[in-house]
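# Report on the structure
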Amino acid sequence: MASLSRPAIRPARLLFLLLPFLLLFLTPAALAEDPAAFTNQPFYNILVKDAPPFVSINTDLPREDANYFRGWSIDFLRTLSTNLKFNFALDHIPLDGPPDDLVAAVRDPNSPYNLTIAALTISQHRYDDIEFSTPYYDLGLRVLHAPAPQRPSMWQFFIPFTVEVWAANIVAFVVLVLCLWLFEARSGANTREFGPVVPRDAAPEQAVVQSIRKLAVATYHMFGVVVNSVDLRVVSPEGRLLVVASLGFFFVMAATYTAELASFLTLVNYRERIYDVDGTGNVNEEDLTE
């Protein structure tokens, strides 16, 4: 009886079958080693200004010379381009041009420049016009002033909100009390919490007393809403909507107040530790023993 024999697998065919698996394992490793090898590197037109030692422009050399742009910021930029895998071309404003020309060039949507790297102070009007990266160099310049005495005060808990915000909250509280009184007491919908409706033929003095009493009850219950401790059984649909909206409003205000107060107390008590550095750049031993 003749036997069937399996055909031998040729080495070339075996390599062809293993090729997809080799690519599956080798491609991620290659991408991790050099991501730009499989993608196009981004290109940026970068504008600088002559400000030694950060940027030095040697106009005696041709523009193509590698030493035409030199300085600490240029070296830092070249290191970034190597690590982040991007290409760039440098250009500069006139040597006597103001630094704000850099901001105007980057801000202009029709300008060919994408970004600038320079010894540029982060001021408020510049911060509103362009986006700054994280500062990578601090000159350490400070303004000296006489220390303000920190006197304890029992009114510091008012500081997180301005006078206008406190006034707005008080007005909102009064309006909500009046609305609660109108929906639940005045209409007679909730006699369980606010008492019976005052008869029309009642004496004026009795009507005034009952109205004041019901306003006091409404104030009490609204204060419970403020501190998130509601013990009011609301009857009218308008009153229920009012209580739900009031709970949301005062919850947001309380959370904001707590965060502002915590940050204020942290800033007041924070004091930066300053070490005395000698001429060699070392910290004095007296600082380390304190």
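Structure report, in brief.

Definitions and cut-offs
Residues numbered from 1 in each chain as written. Predicted model: local features only at pLDDT ≥ 70, side-chain atom pairs only at ≥ 80, totals over all residues. Heavy atoms only, no water. Helix = DSSP H or I, 4+ residues; strand = E, 2+ residues; numbered from the N terminus. Contact = heavy atoms within 4.5 Å. Areas by Shrake-Rupley, 256 points an atom, 1.4 Å probe, with all protein chains shown as cover. Core = buried A, V, L, I, M, F, W, Y, C linked by side-chain atoms within 4.5 Å. Buried < 20%, exposed > 50% of the residue type's maximum accessible area, 1.4 Å probe, protein only. Salt bridge = Lys/Arg side-chain N within 4 Å of Asp/Glu carboxyl O. Axes fitted to C-alpha atoms, helices over the stretch in contact; angles between N-to-C directions. Parallel < 35°, antiparallel > 145°, perpendicular 65-115°, else oblique. Left-handed = near helix turned anticlockwise from the far one by under 90°. Nonpolar A, V, L, I, M, F, W, Y, C, P; charged D, E, K, R; others polar. Pairing = 2+ DSSP bridges. Lys, Arg positive; Asp, Glu negative; His and termini not counted. Polar contact = N/O pair within 3.5 Å; in protein donor to acceptor, adjacent residues only side chain to side chain. Phe/Tyr/Trp six-rings, centres within 6.5 Å; stacked < 30°, edge-to-face > 60°. Patch = residues over 30% accessible without salt bridge, like charges linked within 9 Å, V, L, I, M, F, W, Y side chains within 5 Å. Expected span 1.5 Å × (residues − 1).

### Examining the overall build of the protein chain
Helices and strands together make up the secondary structure of the protein chain, namely 9 helices and 5 strands. Along the chain direction, N to C, the helices and strands of the protein chain fall in the order α-β-β-β-α-β-α-β-α-α-α-α-α-α. Of all intrachain contacts in the protein chain linking residues separated by at least 6 positions in sequence, the fraction that spans at least 24 positions is 59%. By element, 62% of the accessible surface of the protein chain is carried by carbon and sulfur atoms, the whole surface being about 22,100 Å².

### Examining unusual backbone geometry
In the segment running from proline 52 into proline 53, the intervening peptide bond is cis, with an omega of 5°. Note that proline 53 resides in the loop between strand S1 (43–48) and strand S2 (56–57). One non-glycine residue, lysine 85, lies in positive phi territory at about 65°. Along the chain, lysine 85 turns up in the loop between helix H2 (72–84) and strand S4 (87–92). For asparagine 228, which is not a glycine, the phi torsion comes out positive at approximately 60°. Along the chain, asparagine 228 falls in the loop between helix H7 (204–226) and helix H8 (237–269).

### Some words on the nonpolar core
Ranked by internal contacts, the top residues of the largest apolar core, which has 16 residues, are Leu180, Phe194, Ala218, Met222 and Phe250. When residues of this core are assigned to their parent elements, the largest contribution, 6 residues, is made by helix H5 (residues 163–186). Setting aside anything within four residues of it in sequence, one finds phenylalanine 194 in contact with Glu184, Ala185, Arg213, Lys214, Val217, Ala218, His221 and Leu232. The next biggest cluster of nonpolar side chains, apart from the first, holds 11 residues, and it includes Ile46, Val55, Tyr68 and Phe69.

### A short note on the pattern of salt bridges
Throughout the structure, instances matching the rule amount to 3 salt bridges. Close ionic contact of aspartate 100 with arginine 126 constitutes a salt bridge, the shortest N to O distance being 2.8 Å. Of this pair, aspartate 100 sits in helix H3 (residues 100–107) while arginine 126 is found in helix H4 (residues 124–129), placing the two residues 26 residues apart along the sequence.

### Here's the deal with the packing of H5 against H7
In contact at an axis separation of 9 Å, H5 and H7 are set at 120° when each is read in the N-to-C sense. It follows from the interaxial angle that H5 and H7 lie oblique. Considering how the two elements wind past one another, H5 and H7 form a crossing that is right-handed. Here Phe173, Leu176, Val177, Leu178, Leu180, Trp181 and Ala185 of H5 come into contact with H7, specifically with Ser211, Lys214, Leu215, Ala218, Thr219, His221, Met222, Phe223 and Val226. Its residues assigned to classes, the contact of H5 with H7 comprises 12 nonpolar, 3 polar and 1 charged.

### Here's the deal with the pairing of S1
With 6 bridges joining them, S1 and S4 adopt parallel strand pairing. The partner of asparagine 45 across the bridge, within S4, is alanine 89. In the sheet, S1 pairs with strand S5 (residues 115–116) via 2 bridges, with the strands oriented parallel. Directly across from leucine 47, in S5, lies its bridge partner threonine 116.

### A short note on the side chain of glutamate 184
Mapped onto the secondary structure, glutamate 184 falls in helix H5. For the buried glutamate 184, which has no salt bridge, the nearest side chain bearing the opposite charge is arginine 240, at an N-O separation of 6.8 Å. Among the polar contacts made by the side chain of glutamate 184, one reaches the side chain of serine 236 at a distance of 2.5 Å.

### Details of the sheet that holds S4
To summarise the sheet geometry, strands pair through backbone hydrogen bonds and adopt either a parallel or an antiparallel arrangement. Within the open sheet, the 3 strands sit side by side as S4-S1-S5. Their pairing is parallel. Strands at the two margins of the open sheet, each flanked by one partner only, are S4 and S5. Seen against the sheet, H2 touches S1 and S4 and runs at an angle of roughly 160° to S4.

### A look at the packing of aromatic side chains
Across all of its chains, the model carries 10 aromatic pairs by this definition. Seen in terms of ring centroids, tyrosine 68 and phenylalanine 69 are 4.9 Å apart; in terms of plane orientation they differ by 75°. Their pairing is edge-to-face. Judged by its relative accessible area of 6%, phenylalanine 69 is buried. Feature note: the residues Phe158, Phe161, Trp166 and Tyr257 constitute an aromatic cluster, connected by ring pairs.

### Focus on a nonpolar patch on the surface
A surface patch of nonpolar side chains, about 580 Å² in accessible area, is lined by Trp72, Tyr136, Tyr137, Leu139 and Leu141. Locating leucine 139 in the fold gives a position in the loop between H4 and H5.

### Considering H5
Relative to the 34 Å expected for 24 residues at 1.5 Å per residue, H5 spans 33 Å between its end C-alpha atoms, a close match to the ideal helical length. Turning to H5, its buried residues number three or more, namely Asn169, Phe173, Leu176, Val177, Leu180, Trp181, Glu184 and Ala185. Downstream of H5 by a residue or two, glycine 188 has a phi angle that is positive, lying close to 75°.

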